[in-house]
Amino acid sequence: MAASNASDGLKTVAKVVAVLAFVCMLHSGYAAREFLLYSKSIGRQDLTLPIEIVLECLGALVVMIFAVVQGVGELKPVSYEAEMKRYSIDGVFSRPSFQLYNHRGRYLRPSRSAAPTAKK
């Protein structure tokens, strides 16, 4: 139980850190937009972003990647054998999406109601 609680606490902290890093990335995007608008309004020719904005964005990206990886939890196996253990062979081959009821057989052998009737 103690390991589960510690793992849940780590996941919660990782999610909070990921949200804070996302907010920091939003802030750096807003700061970059404001800087470019200000630079254009004063007629500045060099429109390169300041190093503070670039470092803020890259730092937030690194922190967010790390927090998301830590907060994901245990991964499930992604193999054909592990997936097929859940199904029986009957369940695999008898899916309704493979059953066709509207096919060309009705034109090869018309039903009796469509055949002309003989009059006496």
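Residues numbered from 1 in each chain as written. Predicted model: local features only at pLDDT ≥ 70, side-chain atom pairs only at ≥ 80, totals over all residues. Heavy atoms only, no water.

Trainee: I tried to follow the overall build of the protein on my own but got confused; where do I start?
Mentor: Per the secondary structure count, the protein includes five helices and zero strands. Expressed as a percentage of its 120 residues, the buried residues of the protein come to 11%. Summarising the internal contacts of the protein: among those between residues at least 6 apart in sequence, 67% fall at separations of at least 24. Summed over its atoms, the accessible surface of the protein is roughly 10,900 Å², and 65% of this surface lies on carbon and sulfur atoms. (Helix = DSSP H or I, 4+ residues; strand = E, 2+ residues; numbered from the N terminus. Buried < 20%, exposed > 50% of the residue type's maximum accessible area, 1.4 Å probe, protein only. Contact = heavy atoms within 4.5 Å. Areas by Shrake-Rupley, 256 points an atom, 1.4 Å probe, with all protein chains shown as cover.)

Trainee: Explanation requested: helix H2 (residues 51-71) in the structure shown.
Mentor: Note: α-helices contain 3.6 residues per turn, so residues at a spacing of three or four share the same orientation. For H2, which comprises 21 residues, the first-to-last C-alpha distance of 30 Å matches the rise-based estimate of 30 Å (1.5 Å per residue) to within 8%. Residues of H2 that are buried include every one of Ile 53, Ala 60, Met 64, Ala 67 and Gly 71, and no others. The arc that holds every buried residue of H2, seen down its axis, measures 70 degrees, which confines them to one face. Along H2, the residues that are exposed and aim more than 90 degrees away from the buried face are Ile 51, Leu 55, Val 62, Phe 66 and Val 69. Positive phi shows up at Gly 73, right after H2, with a value of about 100 degrees. (Expected span 1.5 Å × (residues − 1). Arc of directions from axis to C-beta.)

Trainee: So what exactly am I meant to see when it comes to the pattern of salt bridges here?
Mentor: Where charged atoms from two side chains of opposite charge come close, those side chains can pair. The full count for this structure, using the stated rule, is one salt bridge. A salt bridge links Arg 33 to Glu 34, with the nearest nitrogen and oxygen atoms 3.7 Å apart. (Salt bridge = Lys/Arg side-chain N within 4 Å of Asp/Glu carboxyl O.)

Trainee: Before we go on, may I ask you to explain the side chain of Ser 39 in this structure?
Mentor: One can find Ser 39 in helix H1 (residues 2-41). Dropping the residues within four chain positions of it, Ser 39 is found in contact with Arg 44 and Leu 47.

Trainee: Could you clarify how one ought to interpret the side chain of Ser 28 in this entry?
Mentor: Structurally, the position occupied by Ser 28 is in helix H1. The contact partners of Ser 28, leaving out residues within four places of it in the chain, are Ile 53, Glu 56 and Cys 57.

Trainee: Sorry if this is basic, but what is going on with the confidence of the model for the protein here?
Mentor: For residues with low pLDDT, the predicted coordinates do not support detailed interpretation. Predicted confidence across the protein gives a mean pLDDT of 83, with 79% of residues reaching 70 or more. When pLDDT is averaged over each element of the protein, H2 comes out on top at 95 and helix H4 (residues 89-93) at the bottom at 69. (pLDDT = per-residue confidence, 0-100.)

Trainee: Teacher, can you tell me more about the environment of Val 69 here?
Mentor: Mapped onto the elements, Val 69 comes out in helix H2. Since its relative accessible area comes to 56%, Val 69 is described here as exposed.

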